[in-house]
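# Chains, contacts and geometry: an overview
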Number of protein chains: 2
Amino acid sequence: MIRILIAEDQSMILGALAAMLDMETDISVVARATNGNDALHLALEEKPDVVVTDIEMPGMSGLEFAAALREKQLAARVIIVTTFARPGYLRRALDAGVKGYLLKDAPAQQLAEAIRTIHRGGKVIAPELATEAWECSDPLNDRERRVLRLAGEGLSSAEIAKQLFLSEGTVRNYLSEAIGKLGAGNRVEAARIARQKGWL
Amino acid sequence: MIRILIAEDQSMILGALAAMLDMETDISVVARATNGNDALHLALEEKPDVVVTDIEMPGMSGLEFAAALREKQLAARVIIVTTFARPGYLRRALDAGVKGYLLKDAPAQQLAEAIRTIHRGGKVIAPELATEAWECSDPLNDRERRVLRLAGEGLSSAEIAKQLFLSEGTVRNYLSEAIGKLGAGNRVEAARIARQKGWL
DNA sequence: GCGCGCGCATGACATTCGTCACCATGCGCG
DNA sequence: CGCGCATGGTGACGAATGTCATGCGCGCGC
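Residues numbered from 1 in each chain as written. Chains lettered and ligands numbered in written order. Predicted model: local features only at pLDDT ≥ 70, side-chain atom pairs only at ≥ 80, totals over all residues. Heavy atoms only, no water.

## Concerning the overall build of chain A
Here is the rule: The numbering of helices and of strands both runs from the N terminus, where a helix is a DSSP run of H or I of at least 4 residues and a strand a run of E of at least 2. The buried label applies to any residue whose accessible area, calculated with a 1.4 Å probe on protein chains only, is under 20% of its type's maximum; exposed applies above 50%, and partly exposed to all values in between. Here a residue-residue contact requires only that any non-hydrogen atoms of the pair lie within 4.5 Å. A 1.4 Å probe and the Shrake-Rupley method give the accessible areas. Residues count as covered only by the protein chains that appear here.
Secondary structure assignment for chain A yields 11 helices and six strands. Overall, chain A is about 60 × 30 × 30 Å in size when its C-alpha atoms are taken along their principal axes. For chain A, the proportion of its 200 residues judged to be buried stands at 52%. Residue pairs in contact within chain A that sit at least 24 positions apart in sequence constitute 63% of those at least 6 positions apart. Working note: accessible area of chain A is about 9000 Å², and carbon and sulfur atoms make up 48% of it.

Structure representation (C-alpha cells):
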C-alpha cells in the first residue's frame, strides 16, 4: 500500500483528487493540505511514501515545499501536479529533487500510474516539457525582468523609471532588449511570452 | 438517480471530479467533455439533469455553453465551478440562466450538495460573490471587449484591425473609450483591470 | 596605467498610441 | 418622412513607444 500526501490549494480539487486516488486499491491518502506549511507539518508526522503537490499555493509554494522536504531528509518522493507548462517551473522543480512533474491537462489515470512509477524509484516528466526545459533557458537578466514585469502591468516607461530609480530612456532600452531577445513585437507581447515560459 | 454531465478542460481535474461524484449513490456521471463544443453535443445526446461546467475552456467557454443550452431549450440545470471569484463572471452566468456558481476553493463535499439542491429546483451561489455581483457592473460593450482582449495579448492596433475587419482608426477609438470607461492610463492597464473584474 | 566590459544615461528619429472632432451609413420608431 | 441612435470611418495632433548610435563612469584583469 502506497501512503500518499496531497497538497493543493483549491479544496474542491484536493477533495476530488483524494477521492479518485483512494479508489485505487494500492494507494491510500493519509494526509491532505491546502498549503505548503500545513503540508510540511503533516509530512513530518505521517511520513508518506509519495507526496503529490500543486505549485501555486498561498504561503509556501509547492517548489519551496519540495525543497523543504529534501532539506529535512524525508524519504518522501515528490510529484508536482500543476496547471502550468512552464519550463522555468520544471527546471526549478528538478533542482529541488522532484521525481515527477505532471500537468493537470494530462489524463486523470496518469496520476495513479505516476505515483506507482515513482514509488518504484522511477521518474515521470510531462512529455510536453521534457525536451524544451533545457534547450531554451531564460535569456533575460534581472533588470530586464523587473522592467518587463511592470510593463506587463500596464505601467508607462516613465512610471517604471520612477519605481526602479532609472531614467526613462534606460527603461526603454531595457524593454527594447527584452523585446528583441524574446522575438516579440512590443512590450506587451514580450511580457506575455516571458510569463508563459515562467520567466517572470 | 441524478444524471450529470461534467465539462472541464483539465483532464485530470475532470477525471477527479467525475470519480468523486460517481461515489455518491444518488449521482451518476453520464458524460464528460473537455471543452464547450463537445459538452454541447453530449448534452443534446444524453439529456443530463444537471450540468457541471468550468468557465475558462478552449473554444466555447462555460458561459457560452450555458447560454447555448438555454437557447436549445434543454431542461438541464447548470452549475458553474470555477477558480475565479469575478463578479462579472457571476453576473454573466446568472444572465445565462445558470442555477449555481461555486468556487474551486470551496470544500469538495459542497459540490454534491449543490447538485442535489439544484436538482430539486434550488439555487446555490458562492457566498463570496453573492453580494458584490451587482454593485459594479460591466461598462464595456462587446466591440470594446473584443478589441481589448486582443490588445491585452500584445497585438498592435493594425493587427487587431485586421483580425476584426475594422479600420485601425476605429480600433483606436474603441480602445480609447474602453480606457476611459475603466479609468486606465493605457490599453494594457485597461485589459488588466477588465480581466481581473471578469469582464473579458 | 591601460583597455575592456558593463550599467546607465542621452539624444534623435520613425512608428505607434490615445484623443478628439467630425462624417457616413443604416435601422427603428413616432 | 424626419429624427435619434448605434455602428464604423477619417484626419489630425501630441504623447508614448521602439530603435540606434553614442557618451560616461567604474570596476577588473593584465
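## Structural notes on the protein's contact with DNA strand C
To be explicit about the condition: Throughout this document, a residue counts as near a molecule or strand when at least one of its heavy atoms sits within 4 Å of that molecule or strand. Polar contact is defined as a pair of N or O atoms within 3.5 Å, subject to the rule that within protein one atom must be able to donate a hydrogen and the other to accept it, and that residues adjacent in sequence are counted only when both atoms are side-chain atoms. When residues are sorted by character, Ala, Val, Leu, Ile, Met, Phe, Trp, Tyr, Cys and Pro go into the nonpolar class, Asp, Glu, Lys and Arg into the charged class, and all the rest, Gly among them, into the polar class.
Surrounding DNA strand C, one finds 16 residues, the nearest of these being Ser 167, Thr 170 and Tyr 174 of chain A together with Asn 173 and Arg 187 of chain B. Counting only the atoms of DNA strand C within 4 Å of the protein, the fraction contributed by sugar and phosphate is 63%. In this structure, a phosphate oxygen belonging to DNA strand C sits 3.1 Å away from a side-chain N or O atom of Ser 157 of chain B. With respect to DNA strand C, the side chain of Arg 172 of chain B contributes an N or O atom lying 2.9 Å from a base nitrogen. Elements with a contribution of two residues or more to the surface near DNA strand C: α10 (168-182) of chain A together with α9 (168-182) of chain B. Class assignment of the residues belonging to the surface near DNA strand C gives a composition of three nonpolar, nine polar and four charged.

## Quick word on the sheet that holds strand β5 (residues 100-103) of chain B
All names here are of chain B. Convention followed: Pairs of strands are assigned from DSSP output, requiring at least two bridges between the strands. For helices, the fitted axis covers only the stretch in contact; all axes are lines through C-alpha atoms, and the angles between them, taken along N-to-C directions, range from 0 to 180 degrees.
Reading across from one edge, β2-β1-β3-β4-β5-β6 is the order of the six strands in this open sheet, with parallel pairing throughout. Each of the sheet's edge strands pairs with one partner strand only, and the pair in question is β2 (27-33) and β6 (124-125). Where β5 meets β6, two bridges bridge the pair, whose relative direction is parallel. Residue pairing in the sheet places Gly 100 in a bridge with Val 124 of β6. In this fold helix α1 (residues 11-22) packs onto β1 (2-7) and β2, with an angle of close to 165° to the strand it touches most, β2. Across the sheet, helix α4 (residues 87-95) touches β4 (77-82), β5 and β6, and the angle it forms with β5 is around 155°.

## Observations regarding the pairing of β5 of chain B
Remember that side chains alternate between the two faces of the sheet whenever the strand is regular. All names here are of chain B. Our working rule: For a crossover, the right-handed case is the one in which the path from the first strand over the helix to the second runs clockwise, viewed with the strands pointing away from the viewer.
By the alternation rule, side chains of β5 split into Gly 100 and Leu 102 and Tyr 101 and Leu 103, which are all buried. Pairing geometry for β4 and β5, over four bridges, is parallel. Across the sheet, residue Val 81 finds its bridge partner in β5, namely Leu 102. In this fold, the crossover linking β4 to β5 by way of α4 has right-handed handedness. Between β5 and its parallel partner β6, the chain crosses via helix α5 (residues 109-119), and the hand of that crossover is left-handed.

## Focus: α5 of chain B
Those residues of α5 of chain B lying buried are Leu 111, Ala 112, Ala 114, Ile 115, Arg 116 and Ile 118 of chain B. Looking one or two residues beyond α5 of chain B, the residue adopting positive phi is Gly 121 of chain B, at roughly 105°.

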